[in-house]
Amino acid sequence: MASKNRPAGDAADSTLSLRAKWAIAGILTGGSLAALVGAGSSALAVYFARRVITPAARNEDQEVLAVIRGDKGPQVILAATPDTTIDGVFSLFFDGGKGHARIGRIVSYSPAEQTVLREVEQVYSGDLSGARRGWWSGAVYPDPAAIGLAAEDVDIAVEGGKAPAWLVRADAAAPAKVWAIMVHGRGANRLEGLRAVRTAKALGLDSLLVSYRNDGLAPSALDGRYGLGSTEWRDVEAAIEYALEHGAEEVVLFGWSMGGAISLQAADLAKHRHLIRALVLDAPVINWVNVMAHHAEMNKIPYNVGRYGQLMLTHPLGRRLTGLAAPVDLKAMDWEARAVELRTPTLVIHSVDDDYVPFEPSASLAEKNPEMVTFEPFHGARHTKEWNVDPDKWERLVTSWLQRQLAPRNNPGDPAARPGSGDLSS
């Protein structure tokens, strides 16, 4: 029996509890698959499924070795990892997120010692010299003021209360007719969208950087679980309604990672979906089954166990073990299979070396629906860090593509006016 002090649903993490519950869960497949994977594998399948949908605290997996004084200012010595050895501008969060530093170019890299020396461009909070561990992030800035932009703190009415957001005006004198709504990814927050705000402002768009259920700012869902886009899109729908009530006539959705999946669901299901002028998606989840299969393989989880974990997310009885209030419809969020149903002009930016969300479904979506979807590959950016490794290219691509989507649509015969048209090669 679970302790009275244990959070609801955590009993599923107990192997003893799991074995008792598998007698019930076996009916998901008539018992055949449960018998196939066995009790130990069944426990692994539950763990795998719960990891996908459960918000978790950030893991401080980046080692900070020393802070030294360089010729041009402070520098930090870090343990070399696939992330820290990519040149560009990034963030290092430390002290449980209380500390935040913007980390710049690589000064030197020692493969033999497995260390990398990088410039420290700015410490926004905390004492970096005392940090020993932290986490690496592509969310470079702490707030709009850090990029020289004024912002209003606004609240958006969502299920369960108010979701805080930043509103950055393109023109302080009047609201823009088209707003950009920035939708962050899984485990991230509204800081992620700050990288796109200057681009949106230059295009004359007001920017609304939103929070949504379970991200630590917006009210949590009753079950405390991610819906992988199947529930979160309603919070984006609320953001669209807020924009329309405050002067917007249309919106552009920007989405990163799971924020891409959320944006696609909003474009499919939201009440005002016809007013979504375009989607700009960075390393989006196009097909959750593909992502989950990739992570199962990457973590050496047997195929049958990974498939059983997917089944628990999608079957009504699986919620007894996962803690979901309702099953997740992964099929409805498979935009690789539903490609021709996407009728909103969409720009997809995705690094081909992304080892968290594989890029192939993004490329496939564009191949299957070239009328609506433009795919732009990056290289060497890993996951959602395309802007970080080459901000000029990212901003140029987005600006050029959006200028065409936002142009007056008075001449349907003009090839440049058609959704998704044009060569954006760099």
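This text goes with the structure placed above it.
(A) Looking closely at the side chain of Ser 207. Mapping Ser 207 onto the fold places it in strand S10 (residues 206-209). Note on Ser 207: relative accessible area 1%, which makes it buried. When sequence neighbours within four positions are dropped, the list of residues in contact with Ser 207 reads Trp 166, Leu 167, Val 168, Ala 180, Met 182, Val 197 and Ala 200.

(B) Fine view of the packing of aromatic side chains. As enumerated under the stated definition, the model contains six aromatic pairs in all. Geometrically, the ring pair formed by Tyr 141 and Trp 387 is edge-to-face, given 6.3 Å between the ring centres and 70° between the ring planes. Placement of the pair is Tyr 141 in the loop between strand S6 (133-137) and strand S7 (152-158) and Trp 387 in helix H10 (residues 386-389), with a sequence separation of 246 residues. Using a relative accessible area of 10% as the deciding quantity, one classes Tyr 141 as buried. It is Arg 338 that lies over the ring of Trp 335; its NZ or CZ is 4.1 Å from the centre. Geometry around Phe 378 places Lys 393 over its ring, the cationic atom sitting 4.3 Å from the centre.

(C) Highlighting the pattern of salt bridges. Counted under the stated rule, the structure contains 13 salt bridges. Arg 382 is the salt-bridge partner of Asp 83, the closest N and O atoms lying 2.8 Å from each other. You can see Asp 83 sitting in the loop between strand S2 (73-79) and strand S3 (90-94) and its partner Arg 382 sitting in the loop between strand S14 (373-378) and H10, a full 299 residues away along the chain. Judged by its relative accessible area of 16%, Arg 382 is buried. The salt bridge partner of Arg 338 is Glu 341, with a shortest N-O separation of 2.8 Å.

(D) Spotlight on the nonpolar core. Ranked by size, the top nonpolar core spans 69 residues in total, and within it Ile 156, Trp 179, Ile 181, Leu 208, Leu 228, Leu 253 and Trp 288 carry the most contacts. Considering every element that reaches this core, the biggest residue donor is helix H4 (residues 233-245), with seven residues. Contact partners of Leu 228, with chain neighbours within four places excluded, come to Val 52, Ile 53, Met 258, Ala 261, Trp 288, Val 328, Leu 330 and Met 333. Tyr 141, Ile 147, Ala 180 and Met 182 belong to the second largest nonpolar core, which has 33 residues in total.

(E) Structural view of the side chain of Asn 369. Topologically, Asn 369 is positioned in the loop between helix H9 (360-368) and S14. A residue is classified by how much of its surface remains accessible, and Asn 369, at 4% relative accessible area, is buried. Polar contacts involving the side chain of Asn 369 include one to the main-chain carbonyl oxygen of Leu 342, which spans 2.9 Å. Apart from residues no more than four positions distant in its own chain, Asn 369 is found in contact with Ala 339, Val 340, Leu 342 and Arg 343.

(F) A look at the pairing of strand S4 (residues 99-110). When S3 meets S4, the two strands line up antiparallel, connected through five bridges. Bridging from a neighbouring strand, Leu 92 pairs with Ala 101 of S4. Between S3 and S4, which pair antiparallel one after the other, the connecting turn spans four residues, and Asp 95 there sits at a positive phi close to 55°. Summarising the sheet, S4 and strand S5 (residues 115-125) pair through eight bridges and their orientation is antiparallel. The residue of S5 that forms the bridge with Tyr 109 is Val 116. In textbook terms, the turn of a hairpin is the stretch between consecutive antiparallel strands, and for S4 and S5 this stretch comprises four residues, one of which, Gln 114, has a positive phi near 55°.

(G) Just the sheet that holds strand S9 (residues 178-183), in detail. Pairing in this open sheet of eight strands is mixed, and the strands run S7-S8-S10-S9-S11-S12-S13-S14 from one edge to the other. Each having just a single partner strand, S7 and S14 make up the two edges of the open sheet. Here the average twist between neighbouring strands, direction ignored, is 20°. Two strands pair when backbone bridges link them, and S9 and S10 are joined in this way by four bridges, in the parallel orientation. Across the sheet, the residue bridging to Trp 179 is Asp 206, located in S10.

Cut-offs and rules
- Residues numbered from 1 in each chain as written.
- Predicted model: local features only at pLDDT ≥ 70, side-chain atom pairs only at ≥ 80, totals over all residues.
- Heavy atoms only, no water.
- Helix = DSSP H or I, 4+ residues; strand = E, 2+ residues; numbered from the N terminus.
- Buried < 20%, exposed > 50% of the residue type's maximum accessible area, 1.4 Å probe, protein only.
- Contact = heavy atoms within 4.5 Å.
- Phe/Tyr/Trp six-rings, centres within 6.5 Å; stacked < 30°, edge-to-face > 60°.
- Lys NZ or Arg CZ within 6 Å of the ring centre and 35° of its normal.
- Salt bridge = Lys/Arg side-chain N within 4 Å of Asp/Glu carboxyl O.
- Core = buried A, V, L, I, M, F, W, Y, C linked by side-chain atoms within 4.5 Å.
- Polar contact = N/O pair within 3.5 Å; in protein donor to acceptor, adjacent residues only side chain to side chain.
- Pairing = 2+ DSSP bridges.
- Axes fitted to C-alpha atoms, helices over the stretch in contact; angles between N-to-C directions.

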